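Observations on the model geometry
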Amino acid sequence: MKLILLTKSNTFLIGWIASLFGYIMEFIYNMTNSVFGIESIGLSIIVFTILVNVAMIPLMLKQQKSMKINSIIQPEIQAIQKKYKGKDDQKSQIRMQAETQSVYDKYGASMTGGCLTSFISLPIMLGLYRIILNMPAYIESFKVYFTNVAVQIQQQSGFAGLLEEIAKTKGIKGDLSETNILIDLMYKFSGEDWTNLQTMFPNISEVISENAQKITQVLNFGPINLMEAPGLNLSWAILIPILAGLTQWICTKMMTPPSQSSQNKGDDPMGASMKMMNSIFPLMSVVFCFTFPCYIGIYWVANSASRIPIQFIVNKMVAKEDVNDIILQNIEKKNKKRAKKGLPPLSEKTVEKNIEDLERKYQMAGSQASTGGRHGASSMRARADAGKQVNNTEYYNSRAAKPGSMAAKANMVKEYNEKNKK
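Residues numbered from 1 in each chain as written. Predicted model: local features only at pLDDT ≥ 70, side-chain atom pairs only at ≥ 80, totals over all residues. Heavy atoms only, no water.

Description of the side chain of Ser71
Note the following rule: For the purposes of this entry, the term helix denotes a DSSP run of H or I that reaches at least four residues, the term strand denotes a run of E that reaches at least two, and both are numbered from the N terminus. Each residue is assigned to one of three classes by its accessible area relative to the maximum for its type, calculated with a 1.4 Å probe on protein chains only: buried under 20%, partly exposed between the two thresholds, exposed over 50%. Under this definition, polar contacts are N or O atom pairs within 3.5 Å; protein pairs additionally need one hydrogen-donor-capable and one acceptor-capable atom, and for neighbouring residues in sequence, both atoms have to be side-chain atoms.
Looking at where Ser71 falls in the secondary structure, it is placed in helix α3 (residues 57-83). Ser71 gets classed as buried once you look at its relative accessible area, which sits at 14%. Of the polar contacts made by the side chain of Ser71, one reaches the backbone oxygen of Lys68; its length is 2.6 Å.

Here you go:
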């Protein structure tokens, strides 16, 4: 006896996520059927997508805060990059990396802080995609319609030979005597395929017709058949790629915070790349939704459309928070992590000591490099160690703190640490 259904994914992590989401999707499908009398895959996809996006609000808040801080950080990062432009020696590269890290430390930020939501969203999207790809494997009350037909077909003489060519056309491999493999094949059927199936097996045409009608009803979303790709045909389905591109464009526009320094836009390659991606992704959605079955497009539209009001609320919440409060919260979290590692909290003295260690290691590395041979490897290790130990830059040595300047932010960190000590 096989414990894993062939129609389910057993891919590491994605298969587990798909199974978990499958239970939720099945609950939604059964609930809409029992409460509203509606059996609809499209409606289930929309409700599930909305629930996922609502659950991700805390991560969206964190991402927007990170992007708000990064919009302030970027001009300082660009200044460091300009400072070391054209300097390719090892010392300059380590120094540039150290100074860049110090800027992030100053604001309690992380170079990868804004990527967390994307990393978490990816397995969710892949798991949901796997469910949509084969709904009968995850929703038993929908699968029963396919099972009714499959059981009857398998009792017909020579059924596998009759369906073999159709299976090749649909890209289905495996033994059609396996019920789940046969269901995989029928899930890819169009209206014409169901008609041809009745012709092949006239003895059970009534069973095929009855269940095919129910399957078609479940897979239709209004006048749109979710199993078919919109293509370039003039039909209601053409609205899906249009809405997918439009909603994603609005969503990405709302996620991007306004630039803090308009005069430096030309010097911000990261900002230019983000702007380009924000334009390309909606166009890609349009192209894909024209060629993919409509149930994929329904998911993309539901995902972007439900994120728009959520993103609006998140943006309002983040806009009300003072940037200095966000920085202090970030520094407090970072100091807790440093304490667990046995490191002192971020402060001016800590920075000065790190810089002294850095300079001392540079001198050691330089003297070892001059001996050559076996000492060359030690020099490289010393430089690498120096780069690892640097958390901040000589910026903190500046005492002339103008309002809004880097020094002002450093003093704010110092005052915060002194206050906590008291």
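Read on, since the account is not over.
Notes on a nonpolar patch on the surface
Going by this rule: Two joining distances apply to patches: 9 Å for like charges and 5 Å for nonpolar side chains (Val, Leu, Ile, Met, Phe, Trp, Tyr), and every residue must have over 30% relative accessible area and no salt bridge. Here, Shrake-Rupley sampling with a 1.4 Å probe gives the accessible areas, and only protein chains in the shown set may cover a residue. A side-chain nitrogen of Lys or Arg and a carboxyl oxygen of Asp or Glu constitute a salt bridge if their distance falls within 4 Å.
A cluster of nonpolar side chains, namely Met276, Met277, Ile280, Phe281, Met284, Val287, Phe288 and Phe292, defines an oily patch on the protein surface of about 670 Å² accessible area. With respect to the helices, strands and loops of the structure, Phe288 is situated in helix α12 (residues 269-291).

Concerning helix α4 (residues 90-106)
The condition is simple: Here the expected span of a helix is defined as 1.5 Å times the quantity of residues minus one.
Here α4 is 17 residues long and its end C-alpha atoms lie 24 Å apart, about the 24 Å a rise of 1.5 Å per residue gives. Buried within α4 are the following residues: Ser92, Ile94, Arg95, Ala98, Glu99, Thr100, Ser102, Val103, Tyr104, Asp105 and Lys106. After α4 finishes, the residue Gly108 shows a positive phi value of roughly 65°.

Considering the pattern of salt bridges
For side chains of opposite charge, pairing can occur when their charged atoms come near one another. Evaluated as defined, the whole model comprises 5 salt bridges. One salt bridge in this structure joins Glu321 and Lys65, with 3.2 Å as the shortest N-O distance. Note that Glu321 is positioned in the loop between α13 (294-320) and α14 (323-340) and Lys65 in helix α3, a separation of 256 residues in sequence. Assessed through its relative accessible area of 23%, Glu321 is described here as partly exposed.

Points about the nonpolar core
Inclusion rule: Side-chain atoms within 4.5 Å are what join buried Ala, Val, Leu, Ile, Met, Phe, Trp, Tyr and Cys residues into a set we call a nonpolar core. Should any heavy atoms of two residues lie within 4.5 Å, those residues are considered in contact.
In this structure, Met135, Phe142, Ile153, Leu163, Met186, Trp194 and Leu197 are the most contacted members of the largest nonpolar core, which totals 60 residues. Apart from the residues within four sequence positions on either side, Leu197 is in contact with Val149, Ile153, Leu163, Met186, Phe189 and Ile208. Of all hydrophobic cores here, the second largest spans 13 residues; its members include Ile73, Ile80, Val103 and Val323.

What to know about a positive patch on the surface
Basically, it comes down to this: The charged-residue count follows a simple rule in which Lys and Arg add positive charge and Asp and Glu add negative charge, with His and chain termini not counted at all. Lys charges are placed at NZ, Arg charges at CZ, Asp charges at CG and Glu charges at CD.
Together, Lys62, Lys333, Lys336, Lys337, Lys340 and Lys341 give the surface a local cluster of positive charge. If one sorts the elements of the positive patch by residue count, α14 sits on top with 4 residues. Locating Lys62 in the fold gives a position in helix α3.

Things to note about the packing of aromatic side chains
Quick reminder of the rule: In summary, the pairing rule links any two rings of Phe, Tyr or Trp, Trp by its six-membered ring, whose centres are within 6.5 Å, and it sorts them by plane angle into stacked for under 30 degrees, edge-to-face for over 60 and tilted for everything else.
In the structure shown here, the tally under the stated rule is 9 aromatic pairs. Between the aromatic rings of Phe288 and Trp300, the centroid separation amounts to 6.2 Å while the plane-to-plane angle is 40°, which identifies the pairing as tilted. One end of the pair, Phe288, is in helix α12; the other, Trp300, is in helix α13, and 12 residues separate them in sequence. Aromatic pair Phe292 and Trp300: ring centres 6.4 Å apart, planes at 40°, arrangement tilted. Counting every residue linked through ring pairs, the aromatic cluster contains Tyr29, Phe142, Phe146, Tyr187, Phe189 and Trp194.

Observations concerning α3
Put simply, the test is: One axis is fitted to the seven residues ending at the residue and one to the seven starting there. The bend at that residue is the angle between these axes.
When the terminal C-alpha atoms of α3 are compared, their 39 Å separation across 27 residues agrees well with the 39 Å that a helix rising 1.5 Å per residue should span. Approximately 35° is the largest bend angle found in α3, and it occurs at Ile73, with the proline Pro75 only one to four residues beyond.

So far we have only geometry, and geometry alone does not tell us how the molecule works.
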